[in-house]
Amino acid sequence: HVSCSVDKPVVIGLAADSGCGKSTFMRRLTSVFGGAAEPPKGGNPDSNTLISDTTTVICLDDYHSLDRNGRKEKGVTALDPRANNFDLMYEQVKAIKEGQAVEKPIYNHVTGLLDPPELITPPKIFVIEGLHPMFDERVRDLLDFSIYLDISDEVKFAWKIQRDMAERGHSLESIKASIEARKPDFDAYIDPQKQYADAVIEVLPTQLIPDDNEGKVLRVKLIMKEGVKHFDPVYLFDEGSSITWVPCGRKLTCSYPGIKFAYGPDTYFGNEVSVLEMDGQFDRLDELIYVESHLSNLSTKFYGEVTQQMLKHADFPGSNNGTGLFQTMIGLKIRDLYEQIVAERAGAPAEAAKV
Ligand code: ADP
Ligand code: G6P
């Protein structure tokens, strides 16, 4: 029966450490699909799930097998596989992918306890975000597309300070200590997942300002795996060539420290990839549309769609730099992938809606 298979969700995995921009990315993604995602209505107010017309995003912290007390007793962090129930994660993601509803546990971030489960019904696009979407091979194999947000230690530190010191009143020392304490498990269990990602967004300190240690201006790389079904990497000027481009000059004036792009083929954990890099930040919209007009394979539906999306969410963190730009571009790529999969299942050739 054709309509059954058409109704089955496309499953996306988004991996990153906590506080690294996953929820911001999710807001950009659901916006590309045309609606803001909201917590489930009438459910547990501490639910971690977000639902829009097309998309349901679940947080994999809900598969913690050890609650906060349990982790403390056993001396394991939330990053440790022993604190997570991968069998249940696999069973439930598989069921959703097959079009069946599940009763998913809720990890309550306020109390640190596991709350009674909530009903999750299969959406069009099902996103699993969290620490371990690509850790378990069985879960990984269910993903139609996967993304890893790779935030360098320097930048992670700058973001944590901004949030935990400014907003939560933590001390510099305690922030340092908590990052240090997580590091061994992060390196062992989280970081290695990036080798499996179809796209990696790597966030580094700028190279445009000598010895910058503020972590405000960022150098961001979008690493796109070659040969992934339904995913055709974005390129700059000439597909497969190596290019550096400074869009600032006679046609466009950029303020200090300017903007610099790079593009080219590379290998990443033994895989062929294309890498697009942006260092610096946008001051004004004309800088962004100028850049957009020089990129190809964007999977936009009309000229300027990337710029329009970025403008729509100018208040989100990273809207003036490569983090917001590349998150938006990946959002459009996921829309394209989704449309291709649906068209394929319906037995019709995918409609080419590319500018
Ligand atoms: P997560 O969902 O992974 O915990 P969030 O999207 O909530 O992360 O982001 C956590 C914090 O990190 C934000 O409040 C912000 O301070 C900072 N942050 C996230 N993304 C960016 C970005 N692209 N640029 C600057 N700061 C960012
Ligand atoms: C969640 C987050 C983790 C965080 C944990 C707090 O699971 O995803 O990144 O570390 O909560 O754990 P704690 O044991 O400090 O309560």
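Look a little higher up for the structure.
With respect to the overall build of the protein
If you tally the helices and strands in the protein, you get ten helices and 14 strands. By the compact-globule yardstick of 20 Å for 355 residues, the protein fits well, its C-alpha radius of gyration being 20 Å. In terms of principal-axis extent, the alpha carbons of the protein reach across some 60 × 60 × 40 Å. Burial status across the protein gives 39% buried among its 355 residues. A separation of at least 24 residues holds for 65% of the contacts in the protein among residues at least 6 apart in sequence.

Section: the pairing of strand 3 (residues 55–59)
For strand 3, the buried fraction is high: five of the five residues fall into the buried class. Both faces of strand 3 are covered, namely the face carrying Thr-55, Val-57 and Cys-59 and the face carrying Thr-56 and Ile-58. In this structure, strand 2 (residues 50–51) lies alongside strand 3, joined through two bridges in antiparallel fashion. Bridged to Ile-51 within strand 3 is Thr-56. Between the antiparallel neighbours strand 2 and strand 3 lie three residues. Here strand 3 runs beside strand 6 (residues 125–130); their pairing, made up of five bridges, is parallel. Across the sheet, residue Thr-56 finds its bridge partner in strand 6, namely Phe-126.

Definitions and limits used
Residues numbered from 1 in each chain as written. Chains lettered and ligands numbered in written order. Predicted model: local features only at pLDDT ≥ 70, side-chain atom pairs only at ≥ 80, totals over all residues. Helix = DSSP H or I, 4+ residues; strand = E, 2+ residues; numbered from the N terminus. Rg over C-alpha atoms; globule rule 2.2 N^0.38 Å. Buried ≥ 20, exposed ≤ 12 C-beta atoms within 10 Å, placed from the backbone. Contact = placed C-beta atoms within 7 Å. Pairing = 2+ DSSP bridges.

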